[in-house]
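Residue strings, one per chain:
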Amino acid sequence: MVKVGVIGLGMMGLTHLDAYAKNKNVKIAAICDSDPARLSGTAHAAGNIEGQAQSTISELTDVERCSDAFDVIGNSDIDLVDVCLPTDMHVKFGCEVLKAGQHLMIEKPLARTAADARVIAEVAQESKGIAFVGHCMRFWPGWTWLKEAIDDQRFGKVYGATFRRVVNHPGGPFYSDGDRSGGAALDLHIHDTDFIQFCFGIPKAVTSFGYSKITNQPDHIISRYEYDDVPLVMAEGGWAMTDGFIFNMGYTVNFENATAVYDSAQSKPLTLFEKGKDAVQVEVDEIMGYNLEIDYLVDCILNGNRPTVVTMEDAMQTVRIVEAEIESVQTGARVSL
Ligand SMILES: NC(=O)c1ccc[n+]([C@@H]2O[C@H](COP(=O)([O-])OP(=O)(O)OC[C@H]3O[C@@H](n4cnc5c(N)ncnc54)[C@H](O)[C@@H]3O)[C@@H](O)[C@H]2O)c1
């Protein structure tokens, strides 16, 4: 049994609680938030994907409730500490968990800067705790199908891969402060940057365009990632859309012998166009990647394995790539990695 304490009960803390509650090998031992309304459940954060952040804090029983993160960190009754705090707090609290020898689940981005991400990754190397970063797209149905299709080359080589993730701004002080969140580039678009790294490795260089509308960081960005073996890899991410715009994520990947299109607005989101065949809707499991990543982490902890689907090095490199994209937006130059 893995005893977990969740620090930060916003959208992601609730989403992780949903996943822990469904895993029979987990006991939710503690919850923590410095905001009394979040801790009592009278203020309930909303998710941006249907079915997300459903947990009702006020109904949790037999759980320690605290306002000080250090009642969870270093607590010998808690094996796994889940850090769902604002991004600029990740480096401090992530390192403290690992220094205390507990296992760490930390939300993406690993840290606000690549330098801080490197610090956590280095502390993780020395820790007896297992460290994991919530790069959920590596587990998301439809995306895992794509990764396998790219790897096993069932449709031949990839010529072009474009990804898209757009929404209206979530609001709130953390997301409105680019110094804390990193704008949409680091907070939202990072999902596609990370998935691109997962599929194709670290790009040679990036060229990005974008603008700030809400924060002092790119709130809408389009990037081209350069690879020797894939002619066109691009991603668009933004939270600058007008209120009422529904969250949409997807991709179009053009292989030698097929084209795969994912559009989250469709009830059957994944369509495959294969040479010489009628278009088909590929069945995609409706479970969210959040549940699958947490099940994977719990298995790693129970079996004493360090995670390989996403490593601390991967998560650090993803922040580094996004930083290069932001630099490219700001300077207008192609940035080498
Ligand atoms: N994987 C994903 O799809 C995804 C989606 C959204 C957000 N995130 C990431 O998750 C993290 C959290 O985002 P969120 O939307 O849940 O934020 P949020 O602002 O809704 O929640 C953060 C919570 O932390 C609490 N908090 C702040 N300081 C604290 C402290 N010192 N001690 C205890 N509690 C404290 C706040 O009161 C708040 O309830 C961010 O890094 C964000 O980038 C990931």
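## So, the overall build of the chain
Across its full length, the chain carries 11 helices and 15 strands. A compact globule built from 337 residues would reach a C-alpha radius of gyration of about 20 Å, and the chain, at 20 Å, matches this within 12%. Each principal axis of the C-alpha distribution contributes one length, and for the chain these read about 60 × 45 × 45 Å. Relative to its 337 residues, the chain shows a buried fraction of 47%. Long-range contacts, defined here as pairs at least 24 residues apart, represent 72% of the contacts in the chain between residues at least 6 apart.

## As for the site of the ligand
Looking at the ligand, there are 25 residues lining it, with G8, G10, M12, D35 and E107 nearest. No other element matches the 3 residues that helix α1 (residues 11–22) contributes to the shell around the ligand. The residue makeup of the shell around the ligand, split by class, is 12 nonpolar, 7 polar and 6 charged.

## Digging into the pairing of strand β1 (residues 2–7)
Across 6 bridges, β1 lies against strand β2 (residues 26–32) in parallel orientation. Looking at β2, one finds that V6 is bridged to I31. For the handedness criterion, the β-α-β arrangement of β1, α1 and β2 is classed as right-handed.

## Considering the sheet that holds strand β4 (residues 80–83)
Pairing is parallel in the open sheet, where 6 strands are placed in the order β3-β2-β1-β4-β5-β6. Each edge of the sheet is formed by a strand with only one pairing partner; in this case those strands are β3 (64–66) and β6 (131–134). With direction set aside, neighbouring strand axes in the sheet form an average angle of 20 degrees.

## Some points on the sheet that holds strand β8 (residues 205–211)
Spatially, 9 strands are ordered β14-β13-β12-β11-β7-β10-β9-β8-β15 in an open sheet, and the strand pairing comes out mixed. Two strands in the sheet have a free side with no partner beyond their single neighbour: β14 (280–281) and β15 (335–336). Across 2 bridges, strand β13 (residues 270–274) lies against β14 in antiparallel orientation. The partner of L272 across the bridge, within β14, is V280. Against the sheet, helix α9 (residues 190–200) engages β7 (158–168), β9 (220–225) and β10 (232–241), with an angle of about 165 degrees to β10. Running at roughly 60 degrees to β8, helix α11 (residues 312–331) makes contact with β8, β9 and β15 of the sheet.

## A closer look at the packing of α9 against α11
At a minimum axis separation of 9 Å, α9 and α11 run at an interaxial angle of 120 degrees. What the angle tells us is that α9 and α11 run oblique. Between α9 and α11 lies a crossing of right-handed hand. Counting all contacts with α9, which are made through I190, T193, D194 and Q197, the residues of α11 involved are D314, Q317, T318, I321, V322 and E325. A per-class count over the contact of α9 with α11 returns 3 nonpolar, 4 polar and 3 charged.

## With respect to the nonpolar core
Counting residues in each nonpolar core, the largest one holds 97 residues, and the members touching the most others are I7, V81, V83, L104, L110 and I120. Both domains that meet at this core, namely domain 1 (2–133) and domain 2 (138–290 + 319–336), each give it at least three residues. Excluding residues that lie within four positions of it along the chain, L110 makes contacts with H90, A117, I120, V133, A315, M316 and V319.

## Description of helix α4 (residues 114–126)
End to end, α4 covers 19 Å across 13 residues, agreeing with the expected 18 Å (1.5 Å per residue, within 8%). Listing the buried residues of α4 in full gives D116, A117, I120, A121, V123 and A124. When α4 is viewed along its axis, its buried side chains cluster within an angular range of 160 degrees and face the same direction. Away from its buried face by more than 90 degrees, α4 exposes Q125 and E126.

## Some points on unusual backbone geometry
Here K108 and P109 are connected by a cis peptide whose omega angle stands at -15 degrees. For D62, which is not a glycine, the phi torsion comes out positive at approximately 55 degrees. Within the secondary structure layout, D62 lies in the loop between α2 (36–40) and β3. Judged by local crowding, D62 falls into the exposed class, with 7 C-beta atoms found within 10 Å. Backbone geometry at Q153 places phi at a positive 55 degrees, although glycine is not the residue there. Within the fold, Q153 resides in the loop between α5 (143–152) and β7. A residue is classified by how many C-beta atoms lie within 10 Å of it, and Q153, with 12 of them, is exposed.

## Side note on the packing of α4 against α11
The N-to-C vectors of α4 and α11 enclose an angle of 175 degrees; their axes lie 9 Å apart at closest approach. Here α11 runs roughly antiparallel to α4, going by the angle between their axes. Where α4 abuts α11, its residues A114, A117, R118, I120, A121 and A124 lie against M312, E313, A315, M316, V319, R320 and E323. Class assignment for the residues of the contact of α4 with α11 results in 9 nonpolar, no polar and 4 charged.

Conventions we followed
What you see as residue numbers is a count from 1 along each chain, following the sequence as written. Where local features are concerned, this predicted model is filtered to residues with pLDDT of at least 70; where side-chain atom pairs are given and counted, the filter is 80 or more; whole-chain, interface and lining totals use all residues. Put simply, DSSP marks the helices as runs of H or I at least four residues long and the strands as runs of E at least two long, and each gets a number from the N terminus on. Just to be clear, the radius of gyration here is over C-alpha atoms, and the globule rule we use is 2.2 Å times residues to the power 0.38. To sort residues by exposure, count the other C-beta atoms lying within 10 Å of each residue's C-beta; 20 or more gives buried, 12 or fewer gives exposed, and values between give partly exposed, all with C-beta atoms placed from the backbone. A pair of residues counts as a contact when their C-beta atoms, built from backbone coordinates, are within 7 Å of each other. What makes a residue near a molecule or strand is its C-beta atom, placed from the backbone, lying within 6 Å of it. By the convention adopted, Pro, Cys, Tyr, Trp, Phe, Met, Ile, Leu, Val and Ala count as nonpolar, Lys, Arg, Asp and Glu as charged, and the other residues, Gly among them, as polar. Any two strands between which DSSP finds at least two bridges are classified as paired. Every crossover in which the path from the first strand over the helix to the second runs clockwise, viewed with the strands pointing away from the viewer, is termed right-handed. As a rule, the C-alpha atoms of each element are fitted with a line to give its axis, helices using only the stretch in contact, and angles between N-to-C directions run from 0 to 180 degrees. In what follows, roughly perpendicular refers to angles from 65 to 115 degrees, roughly parallel to angles under 35, roughly antiparallel to angles over 145, and oblique to any angle outside these ranges. By convention, the crossing between two helices is left-handed when the near helix turns anticlockwise from the far helix through less than a right angle, and right-handed when the turn is clockwise. One nonpolar core equals one set of buried Ala, Val, Leu, Ile, Met, Phe, Trp, Tyr and Cys residues connected by C-beta atoms within 7 Å. The split into domains, and so the bounds of each, comes from an automatic or database assignment of domains. Each residue after the first adds 1.5 Å to the expected span of a helix. Here the arc refers to the directions that run from the helix axis out to each C-beta atom.

By themselves, these figures tell us nothing about what the structure is for.
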